[in-house]
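Analysis of the macromolecular model
Each chain, written out:
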Protein chains: 2
Amino acid sequence: MSNRRKNELVDPKEVPKAVVSRLSLYLRELQHLRLNESTVSSGTLGQKLGFSDAQVRRDLAYFGHFGQPGVGYRIDELIDAIRRILGTDRKWRVAMVGVGNLGRALLGYRGFSSQGFTIVAAFDVDSSKVGRLVEGVQVYSLGELELVVREKQIELGLLAVPGKNAQQAADRLVQAGVSGILNFAPVTLNLPDNVSHIGVDLATELEQLCFSVANRTPED
Amino acid sequence: MSNRRKNELVDPKEVPKAVVSRLSLYLRELQHLRLNESTVSSGTLGQKLGFSDAQVRRDLAYFGHFGQPGVGYRIDELIDAIRRILGTDRKWRVAMVGVGNLGRALLGYRGFSSQGFTIVAAFDVDSSKVGRLVEGVQVYSLGELELVVREKQIELGLLAVPGKNAQQAADRLVQAGVSGILNFAPVTLNLPDNVSHIGVDLATELEQLCFSVANRTPED
C-alpha cells in the first residue's frame, strides 16, 4: 500500500458523504487522544466511536496511506492530514446572520474557533441589537451585509433567521460572495450550483434518535 | 414489486444510517409540498433535495412498497408511513439538560414540537434559573433530575451542558430511565448499549461544508 500513487486516490467529490462526516468524528477523537497519547491503532480509534477497525482503515484509504503496521497512526500526523483533507488546515472567516437565541448560542459556541472558524461579523434586523457586541462579535444591520462581507472577506455564512426570511438572506450572502452556507433555518434553500450549502435541521437529529430507540429490541 | 412481502424487508437495524437520515429530509420536504400538492413523483421529490429519483425509490424500498406508476406518491400517505418508520407517529417527552445560550435556543426551537417532540422539563445548576419558565418550560435544579424524569415519564434527553459535565449528566439521565440522548456537548459519551445516543457537533457541520467548498472546482 505504501507505493499507492496520488492519482490512484478517489476524486474528493466522489467520496461518500458518510465517509467525510466520519473524518470529523475521527478528528475530534484524535484531538482528545492527543492529550495523552502520541499514536493510536485503527482498532482503538474505531472502538471509541463505535466503528470497526476495518471501517476506519477503509475510510482513510480514500485519501492516502496512513499509519504503520505495529505502530498505528501517529496522532499529530493524522490530525494534520484530516484537517488538510477537510480544508480546515487554515482559518475560515464566517458571518452569522440572525442573532436570536440560536444565533447567540452559535456566537458563543467554542467548538467553532477551536476548529479554525472565526465569526467576524453578525447581522440582524433588530435595531436594538445593531452596533452591539454579542459574545465579542460586532452586530451589523442586515442592510450592511454585502458591504461588510466584502470588506471582511467573509467566506462562509451561518444562517439562523426565521424560515420565511432564510432564502432572501441566503441570496444576499451569495451575492456578497460567500462560498458556503450552513443553514439552521427549517427550509430547503435554492442556491446556485457554485455555492455549497448544508442544512442543519435539529429535529432531524431527534428523529434519527427516535428511529434508533424505536427499533431497539429488548435484548440489545 | 407490489407483491413484496413484509418479511422480505430489511431489519430496521440493518438499514444504513444515511438512508434513515434521508427519510427525515424526505419527510420535511413532503410536509412543505403538502401545502400545495397531494401527490409527488420520486423525480420531483429527489430533485428538490438534490437526489436522483432512483435514490428516492431505493431508500423507500427498504421499508415497503410506496407509490404507484404514473401517480407517484400520495403525500399524506407517505408522510404517515415515514413517521411510522421513524417512530415519530406519536409524541415523545423530552428533557433539556443545560439552560445556557444553546439550551435556551433549543427550548425555543419550533421545529421540535412540530415534529412531535415536547420538551416537558429543563434542568440547570444555576439557582437563578431554577423555578423559572424559559420559553414556556419549567426549569428544575439538576438535583431533581431523577425525580422529575420519572414523574413526567420523560423518554429522551437533550444535553447542552459544558463538555466537562456531559458524561455525568448523561449518566444521571440514563439512571433515571431515558432511552435516548441527543448530545450537543463536544465530547463522546460512554453509555450502556441499551441507550441510544447521537452526538451533534456543530463544528462538524461546518467542516463538512468546508470540505465541499474546498473540493469544488471552478467549473462546478
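An unreviewed UniProt entry lists chain A under the name Redox-sensing transcriptional repressor Rex, from Aeoliella mucimassa. On record in UniProt, under Function (unreviewed entry), the comment for chain A is "Modulates transcription in response to changes in cellular NADH/NAD(+) redox state."

Time to look at the UniProt feature "binding site: NAD(+)" (unreviewed entry) in chain A. Residue and element names in this part refer to chain A. Taking the UniProt record as the reference, the feature "binding site: NAD(+)" (unreviewed entry) is found at Gly98, Val99, Gly100, Asn101, Leu102 and Gly103. Checked against the element boundaries, Gly98 lands in the loop between β3 (92–97) and α5 (101–107). A residue is classified by how much of its surface remains accessible, and Gly98, at 6% relative accessible area, is buried. Mapped onto the elements, Gly100 comes out in the loop between β3 and α5. The class for Gly100 is partly exposed, based on a relative accessible area of 29%. When neighbours within four sequence positions are excluded, Gly100 is seen to be in contact with Asp124 and Lys129.

Further remarks concern the nonpolar core. Counting residues in hydrophobic clusters, the biggest one holds 56 residues, and the most contacted among them are A:Phe112, A:Leu156, A:Leu158, B:Phe112, B:Leu156 and B:Leu158. Setting aside residues no more than four positions away along its own chain, B:Leu158 makes contact with A:Leu206, B:Val94, B:Ala95, B:Met96, B:Val97, B:Phe112, B:Ile119, B:Leu182 and B:Phe184.

Further remarks concern the pattern of salt bridges. Summed over the entire model, instances satisfying the criterion amount to 14 salt bridges over all chains. Residue A:Glu207 is joined to B:Arg28 by a salt bridge in which the shortest nitrogen-to-oxygen separation is 3.2 Å. Of the two residues, A:Glu207 is situated in helix α9 (residues 202–214) and B:Arg28 in helix α1 (residues 17–33); the pairing between them involves two chains. For A:Glu207, a relative accessible area of 0% gives the class buried.

The backbone of A:Gln153 shows a phi angle near 50°, a positive value even though the residue is not glycine. Relative to the helices and strands, A:Gln153 is located in the loop between α7 (145–151) and β7 (156–159). In the Ramachandran plot, B:Glu135 falls in the positive-phi region, its phi being about 50° despite a non-glycine side chain. If you trace the backbone, B:Glu135 turns up in the loop between β5 (133–134) and β6 (137–141).

The domains assigned to chain A are domain 1 (6–86) and domain 2 (92–204). Each of domain 1 of chain A and domain 2 of chain A has a C-alpha centre, and the two are 30 Å apart.

Let us now look at the confidence of the model for chain A. Looking at chain A as a whole, its pLDDT mean stands at 90, while 94% of the residues score no less than 70. Here residues 1–7 of chain A is modelled with pLDDT under 50, and outside its nearest four sequence neighbours on either side it reaches six contacts, counting other chains as well.

On the side of chain B, 64 residues touch chain A, which itself brings 64 residues to the contact. Taken together, the two surfaces of chain A and chain B that pack against each other cover about 5700 Å², and 65% of this comes from carbon and sulfur. The largest per-residue losses of area from chain A upon contact with chain B belong to A:Leu206, A:Glu207 and A:Phe211, which jointly make up 12% of the total buried on that side. On the surface where chain A and chain B come into contact, there are four salt bridges. Here chain A is connected to chain B by 24 residue pairs in polar contact (both at pLDDT 80 or more). The greatest single-element share of the side of chain A that touches chain B, amounting to 13 residues, is contributed by α9(A). The class makeup of the residues in the side of chain A that touches chain B is 32 nonpolar, 19 polar and 13 charged.

This part takes up the pairing of strand β3 (residues 92–97) of chain B. All names here are of chain B. Summarising burial for β3: five of the six residues are buried, a large majority. Bridging between β3 and strand β4 (residues 117–124) involves six bridges; their strand directions are parallel. Residue pairing across strands places Trp92 opposite Phe117, the latter belonging to β4. For β3 and strand β7 (residues 156–159), the ladder comprises four bridges, and the chain directions are parallel. Its bridge partner being in β7, Met96 is matched across the sheet by Leu158.

Bringing the relation of the copies chain A and chain B into the picture now. For these two chains of identical sequence, chain A goes onto chain B by a turn of 180° and a shift of 0.0 Å along the axis, with RMSD 0.0 Å. The operation mapping one copy onto its partner corresponds to a two-fold rotation axis. Of the residues that chain A buries at the interface, 100% are likewise interface residues in chain B, meaning the two copies contact each other through the same surface.

The rules we used
Residues numbered from 1 in each chain as written. Chains lettered and ligands numbered in written order. Predicted model: local features only at pLDDT ≥ 70, side-chain atom pairs only at ≥ 80, totals over all residues. Heavy atoms only, no water. UniProt positions renumbered as here; feature names shortened; annotations may be inferred. Helix = DSSP H or I, 4+ residues; strand = E, 2+ residues; numbered from the N terminus. Buried < 20%, exposed > 50% of the residue type's maximum accessible area, 1.4 Å probe, protein only. Contact = heavy atoms within 4.5 Å. Core = buried A, V, L, I, M, F, W, Y, C linked by side-chain atoms within 4.5 Å. Salt bridge = Lys/Arg side-chain N within 4 Å of Asp/Glu carboxyl O. Domains from an automatic or database assignment. pLDDT = per-residue confidence, 0-100. Buried area = accessible area lost by both parts, 1.4 Å probe. Polar contact = N/O pair within 3.5 Å; in protein donor to acceptor, adjacent residues only side chain to side chain. Nonpolar A, V, L, I, M, F, W, Y, C, P; charged D, E, K, R; others polar. Pairing = 2+ DSSP bridges. Least-squares fit on C-alpha atoms with pLDDT ≥ 70 in both.

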